[in-house]
Amino acid sequence: MDPVVGPVPLPFPMAHGTTTLAFMFQGGVLAAADTRSSCSGLVACPASQKILPIHSHLVGTTSGTSADCALWKRILSRELRLYQLRYGRRLSTRGAAKLLSHMLHPFKGTELCVAATLCGFSGPSLFYVCSDGTRLEGSLFSVGSGSPYAYSILDQGVRWGLTVEEATSIAREAVYRATHRDAYSGNFVDVYHVTSKGWTRRTREDLKEEYYREKEKRRLERETRGTALSG
């Protein structure tokens, strides 16, 4: 009888983290993420892409093992393209989330690590899907080691009536606050905006620019208080 071979132990702990977020507002769906990929205590890549386009009206934020996320993004893209060719229409975001959840569920309890937020427009739609098969619908999600810090900004700032510029500013600030406290997040911020016309990607921005904006804002606030007191 052949011996049962278990999983091969890793040579070192694969600790990793990230900050990704997405929310709905009157202008569509906005997704944002940092770009630092880490492995144990090392920065493996400072400029990785954590928001992956799936088709013209659907993007996914990814958290977990980079290779697993990239593989399952390609698998989902393939299945959605085949669906479109067979039926002449795109599968809804709800359907895409259900499909991904069903494909991932058999791997529950394995080393597979995928946590994706699907941001689509078949009407603004937002779904969180995890590698254990979990599927949640919501209007705001933040995933990753920096998410508690991001939620502190999102919970007080996100509302339905935001303009695109206001939503983008809140998303950038949420990622910046998370990277300030979470060592596994950092470097740059990517922002994607999904509307009925498809997704658009804003220019990648170095997070130190957000730091300088915050510093200038505080300086102006101090000057304003000083003027008010002296007056």
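Scroll up to find the structure.
Cut-offs applied
All residue numbers refer to position in the chain's written sequence, counted from 1. Totals for whole chains, interfaces and linings use every residue, but because this is a predicted model, local features are given only for residues with pLDDT of at least 70 and side-chain atom pairs only at 80 or more, for both listing and counting. Values shown for side chains rest on all heavy atoms present in the structure; no hydrogens or waters enter the calculation. Strand pairing is assigned whenever DSSP identifies at least 2 bridges connecting the two strands. Here a helix means four or more residues in a row that DSSP labels H or I, a strand means two or more in a row labelled E, and each is numbered from the N terminus. Under this scheme, a helix contributes an axis fitted over its contacting stretch, all axes are lines through C-alpha atoms, and angles between N-to-C directions fall in the 0 to 180 degree range. The contact criterion used throughout is that any non-hydrogen atoms of two residues lie within 4.5 Å. Type-normalised accessible area, obtained with a 1.4 Å probe on protein chains alone, sets the label of each residue: buried when under 20%, exposed when over 50%, and partly exposed for intermediate values. The arc in question is formed by the directions pointing from the helix axis toward the C-beta atoms. Remark: nonpolar core denotes a set of buried residues (Ala, Val, Leu, Ile, Met, Phe, Trp, Tyr, Cys) joined through side-chain atoms within 4.5 Å. Note on angle classes: values under 35 degrees are labelled roughly parallel, values over 145 roughly antiparallel, values of 65 to 115 roughly perpendicular, and the remainder oblique. When residues are grouped by polarity, Ala, Val, Leu, Ile, Met, Phe, Trp, Tyr, Cys and Pro land in nonpolar, Asp, Glu, Lys and Arg in charged, and all others, Gly among them, in polar. The term disulfide is used for any two cysteine sulfur atoms that are within 2.5 Å.

Participant: Run through the sheet that holds strand β8 (residues 124-130), naming residues and quoting values.
Facilitator: Read across the open sheet, the 5 strands follow the order β5-β6-β7-β8-β9; overall the sheet is antiparallel. A strand with exactly one partner marks an edge of an open sheet, and here the two such strands are β5 (51-55) and β9 (135-137). Each strand of the sheet is rotated relative to its neighbour by a mean of 25°, with strand direction disregarded. Direction of pairing for β8 relative to β9: antiparallel, over a ladder of 3 bridges. Bridge pairing in β9 links F127 to E137. Packed onto the sheet, helix α1 (residues 66-87) meets β5, β6 (58-64) and β7 (114-121) and runs at close to 15° relative to β5. Sheet strands touched by helix α2 (residues 93-104): β6, β7, β8 and β9. Its angle to β8, the strand with the most contacts, is close to 5°.

Participant: Give me the pairing of strand β4 (residues 42-45): which residues, what numbers.
Facilitator: Relative to β4, strand β3 (residues 37-39) runs antiparallel, the two being bridged by 3 bridges. In the strand pairing of β4, S38 is matched with V43. In this antiparallel pair of consecutive strands, β3 and β4, the connection spans 2 residues, and S40 shows a positive phi of 55°.

Participant: Could you give me a rundown of helix α3 (residues 147-157), with the residues and numbers involved?
Facilitator: Of all the positions in α3, only S147, A150, I153, L154 and G157 are classed as buried. End-on view of α3: buried residues confined to an arc of 125°, all on one side of the axis. Residues of α3 that are exposed and point over 90 degrees away from its buried face: P148, D155 and Q156.

Participant: Which residues make up the nonpolar core, and what values do they have?
Facilitator: Judged by nonpolar contacts, the single largest core of 20 residues is most densely connected at W72, L76, L80, L100 and L118. Counting residues per element, this core draws most heavily on α1, at 6 residues. In this view, W72 contacts L100, M103, L104, F107, L112 and V114; residues no more than four positions away in its chain are not counted. Counting 19 residues, the second largest nonpolar core, distinct from the first, contains L162, I170, Y176 and L207.

Participant: Give a description of unusual backbone geometry that names residues and reports values.
Facilitator: Although it is not a glycine, N187 adopts a positive phi angle of roughly 80°. Relative to the elements of secondary structure, N187 occurs in the loop between α4 (164-181) and β11 (188-195).

Participant: Go over the packing of α4 against helix α5 (residues 207-230) with me, naming the residues and quoting the values.
Facilitator: Between α4 and α5, the shortest axis-to-axis distance is 10 Å and the interhelical angle comes to 100°. Compared by their axis directions, α4 and α5 come out roughly perpendicular. Where α4 abuts α5, its residues R172, E173, V175, Y176, R177 and T179 lie against L207, E210, Y211, R213, E214 and R218. When grouped by side-chain class, the residues that make up the contact of α4 with α5 number 4 nonpolar, 1 polar and 7 charged.

Participant: Go over the environment of L80 with me, naming the residues and quoting the values.
Facilitator: Topologically, L80 is positioned in helix α1. Judged by its relative accessible area of 6%, L80 falls in the buried class. Note: C-alpha distance between L80 and A96 (16 residues apart in sequence) is 7.3 Å. Beyond its immediate chain neighbours, meaning those up to four positions away, L80 contacts I54, H55, L58, L91, A96 and L99.

Participant: Provide a residue-level description of the state of the cysteines, including the pertinent values.
Facilitator: If you walk through the whole model with that rule in mind, you get 0 disulfides. No disulfide involves C69; its sulfur sits 7.0 Å from the nearest other cysteine sulfur, which is in C113. C69 gets classed as buried once you look at its relative accessible area, which sits at 5%. The thiol of C119 is not disulfide-bonded; the next cysteine sulfur, from C69, is found 14 Å away.

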